[in-house]
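Residues per chain, in single letters:
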Amino acid sequence: MEYRQLGRSGIRVSALSMGALTFGGRGVFAKVGTTDPADAARQVDQAVDAGVNLFDTADAYSGGASEEILGQALKGRWDRVLIATKARMPTGDGPNDAGLSRHHLITACEASLRRLGTDHIDLYQVHQWDGATPLEETLSALDDLVRAGKIRYVGCSNYSGWHLMKALATADRLGVTRFAGQQIHYSLQAREAEHELIPAAVDQGVGVLVWSPLAGGLLSGKYRRGERAPEGSRRFAGWDEPPVRDERKLYDIVDVLVRIAGDRGVSPAQVALSWLLGRPAVTSLVLGARTGEQLADNLRATDLVLAADERARLDEVSGSPLPYPYWHQAKLAKDRLSPADETLLGPQTGTR
């Protein structure tokens with residue numbers, strides 16, 4: 001297993017991490033998976049044996065059951081692993097049972113600690129933007145939790161570029177703990193993060209954790225053009241994340257994945273994951289497998305190194321025209337690009 005630095009922090013995390021979204025399978029989360037405690041323990045053992053040291057969950061997953069199951073599966077080996085969880089989504093029906101207020105964050109953190117059965121959380125992530133709570137309140141509450149020893153690093157998830165930059169600037173102005181990482185959606189099927197979030201990560205030294213790197217299984221090779229979603233899959237069950245806005249392009253990408261996988265004797269999923277592991281700023285891919293067999297296959301992605309021509313084929317089939325102002329920058333600003341600029345514009349201008 002390869003280990004990568006999480007942004008400018010001092011911790012190193014496995015290039016592949018394990019997500020616990022499927023653990024519990026309560027309510028709407030049953031559409032994603034219904035991994036019971038016994039199967040969860042087996043998958044966690046499998047991941048630890050493969051060198052995975054980061055496990056990711058959230059208080060919203062299956063009403064807290066995901067945290068409980070993951071905590072039980074990791075019991076007795078907290079010194080060998082890092083735990084990441086999230087807060088922001090509703091945890092009750094009360095007016096203060098959601099958001100990123102000081103009240104909700106502290107209450108949610110205490111509840112997560114109890115469910116996980118640990119005295120600290122290694123990476124505590126705000127799960128989504130909260131435009132109704134001042135950033136000063138959110139960031140100072142997170143800093144207080146760090147100083148109390150209840151969390152060690154903080155991160156964000158699902159922020160836009162300006163949200164992320166505003167949060168980092170506010171943390172610097174206040175002199176409080178800044179985000180060490182951001183957890184984002186990014187895959188061959190959805191490359192929007194390359195416009196703002198990836199350049200910001202490079203420029204600001206923020207690590208990148210990727211959720212749903214196989215686009216909810218769409219890039220696994222089991223979804224093919226003109227065929228119904230396989231029974232038992234997320235799409236078959238009605239889970240609609242991520243959205244598919246261009247089905248024709250999706251299947252063009254899958255066709256290339258399948259051809260490369262066939263030539264290399266690996267699975268399409270491994271090809272898709274390997275492509276993502278080679279992208280700028282990416283720290284770790286959060287894997288969420290429904291079965292041990294899927295997890296074992298995905299964990300082999302770190303053994304696959306794509307050739308330059310294979311990466312070029314995937315880049316071409318999955319790419320999109322540059323939106324404004326990037327096409328204008330590619331035309332008139334290519335003489336003075338920063339390393340962050342080059343993550344997006346370098347391939348367009350021949351500077352990278």
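Residues numbered from 1 in each chain as written. Predicted model: local features only at pLDDT ≥ 70, side-chain atom pairs only at ≥ 80, totals over all residues. Heavy atoms only, no water.

A. Spatial organisation of the nonpolar core. Residues Phe55, Tyr124, Phe179 and Leu219 are the most contacted members of the largest nonpolar core, which totals 85 residues. Looking at this core element by element, the count peaks at eight residues for helix 8 (residues 247-264). In contact with leucine 219, other than residues within four places in its own chain, are Ser187, Leu188, Gln189, Pro213, Leu214, Leu250, Ile253, Val254, Leu257, Pro268, Ala269 and Ala272. Counting 10 residues, the second largest nonpolar core, distinct from the first, contains Leu54, Leu123, Ala180 and Val286. (Core = buried A, V, L, I, M, F, W, Y, C linked by side-chain atoms within 4.5 Å. Buried < 20%, exposed > 50% of the residue type's maximum accessible area, 1.4 Å probe, protein only. Helix = DSSP H or I, 4+ residues; strand = E, 2+ residues; numbered from the N terminus. Contact = heavy atoms within 4.5 Å.)

B. Broad picture of the packing of aromatic side chains. Tallying each qualifying case throughout the model produces six aromatic pairs. Note on tryptophan 129 and tyrosine 159: the rings are 5.3 Å apart at their centroids and 85 degrees apart in plane angle, and the pair reads as edge-to-face. Linking tryptophan 129 in the loop between strand 6 (121-126) and helix 4 (135-147) with tyrosine 159 in the loop between strand 7 (151-157) and helix 5 (161-174), this pair joins segments that are 30 residues apart in sequence. Side by side, tryptophan 129 and tyrosine 159 carry an identical accessibility label, which is buried. Between tyrosine 159 and phenylalanine 179, the ring centres sit 5.9 Å apart and the planes meet at 85 degrees, which makes this aromatic pair edge-to-face. You can see tyrosine 159 sitting in the loop between strand 7 and helix 5 and its partner phenylalanine 179 sitting in the loop between helix 5 and strand 8 (181-185), a full 20 residues away along the chain. (Phe/Tyr/Trp six-rings, centres within 6.5 Å; stacked < 30°, edge-to-face > 60°.)

C. Quick look at unusual backbone geometry. Along the chain, tyrosine 324 connects to proline 325 via a cis peptide bond; the corresponding omega equals 5 degrees. Turning to its location among the elements, proline 325 is positioned in the loop between helix 11 (308-318) and helix 12 (326-332). In the Ramachandran plot, serine 212 falls in the positive-phi region, its phi being about 50 degrees despite a non-glycine side chain. Relative to the helices and strands, serine 212 resides in the loop between strand 9 (207-211) and helix 7 (234-237). Accessibility expressed as a relative area gives 15% for serine 212, which makes it buried. Of note, the phi angle at alanine 281 is positive, near 75 degrees, even though the residue is not glycine. The residue alanine 281 is located in the loop between helix 9 (268-277) and strand 10 (282-287) in this model.

D. Structural context of the pattern of salt bridges. Under the definition given, this model contains 18 salt bridges. Across the pair arginine 42 and aspartate 39 runs a salt bridge whose closest N-O atoms are separated by 2.2 Å. Placement of the pair is arginine 42 and aspartate 39 together in helix 1 (residues 37-49), with a separation of three residues, close to one helical turn. Where arginine 173 meets glutamate 136, a salt bridge forms, and the shortest distance between an N and an O atom there is 2.8 Å. A residue pair is termed long-range when its members are at least 10 positions apart, and arginine 173 in helix 5 and glutamate 136 in helix 4 qualify at 37 residues. A residue is classified by how much of its surface remains accessible, and arginine 173, at 56% relative accessible area, is exposed. The network of salt bridges with shared partners includes Arg191, Glu194, Arg279 and Asp315. (Salt bridge = Lys/Arg side-chain N within 4 Å of Asp/Glu carboxyl O.)

E. Examining the sheet that holds strand 9 more closely. As summarised here, the arrangement of the eight strands in space is 3-4-5-6-7-8-9-10, forming a closed barrel in which the pairing is parallel. Across the sheet, the axes of successive neighbouring strands diverge by a mean angle of 30 degrees, strand direction being ignored. In terms of strand pairing, strand 3 (residues 16-19) meets strand 10 through three bridges, oriented parallel. When the sheet's bridge partners are listed, methionine 18 is paired in strand 10 with leucine 287. Each of strand 8 and strand 9 touches helix 6 (residues 197-204); the most contacted strand, strand 8, lies at about 165 degrees to it. (Pairing = 2+ DSSP bridges. Axes fitted to C-alpha atoms, helices over the stretch in contact; angles between N-to-C directions.)

F. Structural context of helix 10 (residues 292-299). Within helix 10 the residues assigned to the buried category are Leu295, Asp297, Asn298 and Leu299. The secondary structure elements touched by the buried residues of helix 10 are strand 3, helix 1, helix 9 and strand 10.

G. Local environment of the packing of helix 3 (residues 102-116) against helix 4. At a minimum axis distance of 9 Å, the contact between helix 3 and helix 4 shows a crossing angle of 30 degrees. When the axis of helix 3 is compared with that of helix 4, the two are roughly parallel. Helix 3 and helix 4 meet at a crossing whose hand is right-handed. Residue-level inspection shows Arg102, Leu105, Ile106 and Cys109 of helix 3 in contact with helix 4, the latter providing Glu137, Thr138, Ser140, Ala141, Leu142, Asp144 and Leu145. Of the residues in the contact of helix 3 with helix 4, the class split is six nonpolar, two polar and three charged. (Parallel < 35°, antiparallel > 145°, perpendicular 65-115°, else oblique. Left-handed = near helix turned anticlockwise from the far one by under 90°. Nonpolar A, V, L, I, M, F, W, Y, C, P; charged D, E, K, R; others polar.)

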